[in-house]
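# A look at the structure
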Amino acid sequence: MTNDPANNANHRRAHDGGLWLRHGGAAGLMVAVADTNPLSLHWWKAVPNFGDAISPVVLAHVSGRKVVHAGVNKADIWGIGSLLQVVKRAYTAKKDLRPTVWGTGLLHAVNGTQFTKHVNIALVRGPITAALLDLEVSRFGDPGLLISDVWPQDRSPNGKIGIVPHHSRMDDPVLVALLDSDPKYQLIDPRDPAQDVCAAIAACDHVFASSLHGLIVADAYGVPNTWLAPMGQSRLKYLDYAAAVGRAMPAPIMIEDIPMIDLPKPDAALSYQAGINACKDAVYASFPKALRAGGDA
């Protein structure tokens, strides 16, 4: 006979959603304790990129659990990113694992939506993603909007105009020329540590970004921002997000046109702040209780 508590009948456990149910006490009642197992999340990490790097940070904040990276076929949940075409390929057929989709979006249209029956869709990024997947839903949101709750920053504009290019355009000669033309222009490298990138965005007077999460993080911190042409990148994800927060999104501007843009005051309120707030509420409210530490707590 062993004295190992793990093998003792009074300590045998059964997993139920986000809770462990443990036999305990004189009456042998089932006692709920928080699930401390890590959540498995898939995020894109082939190239360092702060937009992807904040996905596990935000998930840990909302769930109260440790988050670990998982392969495509082993993730409990999918969060920030234009990753639904990857989900489609992985879940065309039903599997034992049924992951949760939480604020994820499409990069481009996909053929066939059968895969949506093999995953739990808690929330998608925006109405374009929803329409392309034939989802009749009325709330949307990108979890990246919660980053200001995870890493709060006092809004104190520093006189800089931040430029957040897509990581593939860092060496664009037009960008280099703009940065050299005036010290007020600040390059914010999306490959830098995520918390540093977010702090730099939050401090700027204005942000121009061809990085989607450059725009989203600026919105999260209330920083006026402008869409910069995402050369060679799909534009669907930008329009999907903009539609979710009710933001008018005209054609993006070119880098060379930045000096001619009439900028709003650094402390000007975002005209679509109500839409941002609604999306943040949706992101929080849609997170499955069963995945939180403490389950239904």
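Here the structure is shown first, and the text comes after it.
In what follows, the accompanying structure is described. (Residues numbered from 1 in each chain as written. Predicted model: local features only at pLDDT ≥ 70, side-chain atom pairs only at ≥ 80, totals over all residues. Heavy atoms only, no water.)

This part is about the nonpolar core. Formed by 71 residues in total, the largest nonpolar core has its most connected members in Trp-102, Ile-147 and Ile-201. Counting residues in hydrophobic clusters, the runner-up holds 10 residues, among them Leu-175, Leu-228, Ile-255 and Ile-258. (Core = buried A, V, L, I, M, F, W, Y, C linked by side-chain atoms within 4.5 Å. Buried < 20%, exposed > 50% of the residue type's maximum accessible area, 1.4 Å probe, protein only.)

Because side chains alternate across strand β11 (residues 206-209), one face comprises the buried residues His-206 and Phe-208, and the other comprises Val-207 and Ala-209, equally buried. The pairing of strand β9 (residues 161-164) with β11 spans 4 bridges and is parallel. Residue pairing for β11: Gly-162 is matched across the bridge by Val-207. Two strands pair when backbone bridges link them, and β11 and strand β12 (residues 225-227) are joined in this way by 3 bridges, in the parallel orientation. Counted as the bridge partner of Ala-209 is Trp-227 from β12. (Helix = DSSP H or I, 4+ residues; strand = E, 2+ residues; numbered from the N terminus. Pairing = 2+ DSSP bridges.)

Turning our attention to the packing of aromatic side chains. Applying the stated rule across the entire model yields 2 aromatic pairs. Aromatic side chains Trp-102 and Phe-287 sit 4.9 Å apart centroid to centroid with 75 degrees between the ring planes, which places their arrangement in the edge-to-face category. With Trp-102 in strand β7 (residues 100-104) and Phe-287 in the segment after α9 (273-286), this residue pair connects regions lying 185 residues apart in the sequence. With respect to burial, Trp-102 and Phe-287 carry one shared label: buried. (Phe/Tyr/Trp six-rings, centres within 6.5 Å; stacked < 30°, edge-to-face > 60°.)

Another aspect to go through is the sheet that holds strand β6 (residues 77-78). With parallel pairing, the 5 strands of this open sheet are ordered in space as β5-β4-β6-β7-β8. Single-partner strands in this sheet number two, and they are β5 (67-69) and β8 (120-124). Packing against the sheet, helix α1 (residues 50-63) makes contact with β4 (39-42), β5, β6 and β7, and its axis sits at approximately 150 degrees to β4. Sheet strands in contact with α9 are β7 and β8, and its direction is about 165 degrees off that of β8. (Contact = heavy atoms within 4.5 Å. Axes fitted to C-alpha atoms, helices over the stretch in contact; angles between N-to-C directions.)

Glancing now at the sheet that holds strand β10 (residues 185-187). Pairing in this open sheet of 4 strands is parallel, and the strands run β10-β9-β11-β12 from one edge to the other. Looking at the sheet topology across the chains shown, the edges are occupied by β10 and β12. When strand polarity is set aside, the average angle formed by the axes of neighbouring strands in this sheet is 25 degrees. The sheet strands contacting helix α7 (residues 212-220) are β9, β11 and β12, and the helix crosses β12 at an angle near 160 degrees.

One pass over the full model with this rule turns up 5 salt bridges. Of the charged contacts in the structure, one is a salt bridge between Arg-191 and Asp-189, with a shortest N-O distance of 3.0 Å. Arg-191 gets classed as partly exposed once you look at its relative accessible area, which sits at 39%. You can call Asp-189 buried: its relative accessible area is 15%. When the shortest N-O distance is used, the salt bridge between Arg-247 and Asp-219 registers 3.6 Å. Taken together, the residues span a long stretch of sequence, with Arg-247 in the loop between α8 (236-245) and α9 and Asp-219 in helix α7 at a distance of 28 residues. (Salt bridge = Lys/Arg side-chain N within 4 Å of Asp/Glu carboxyl O.)

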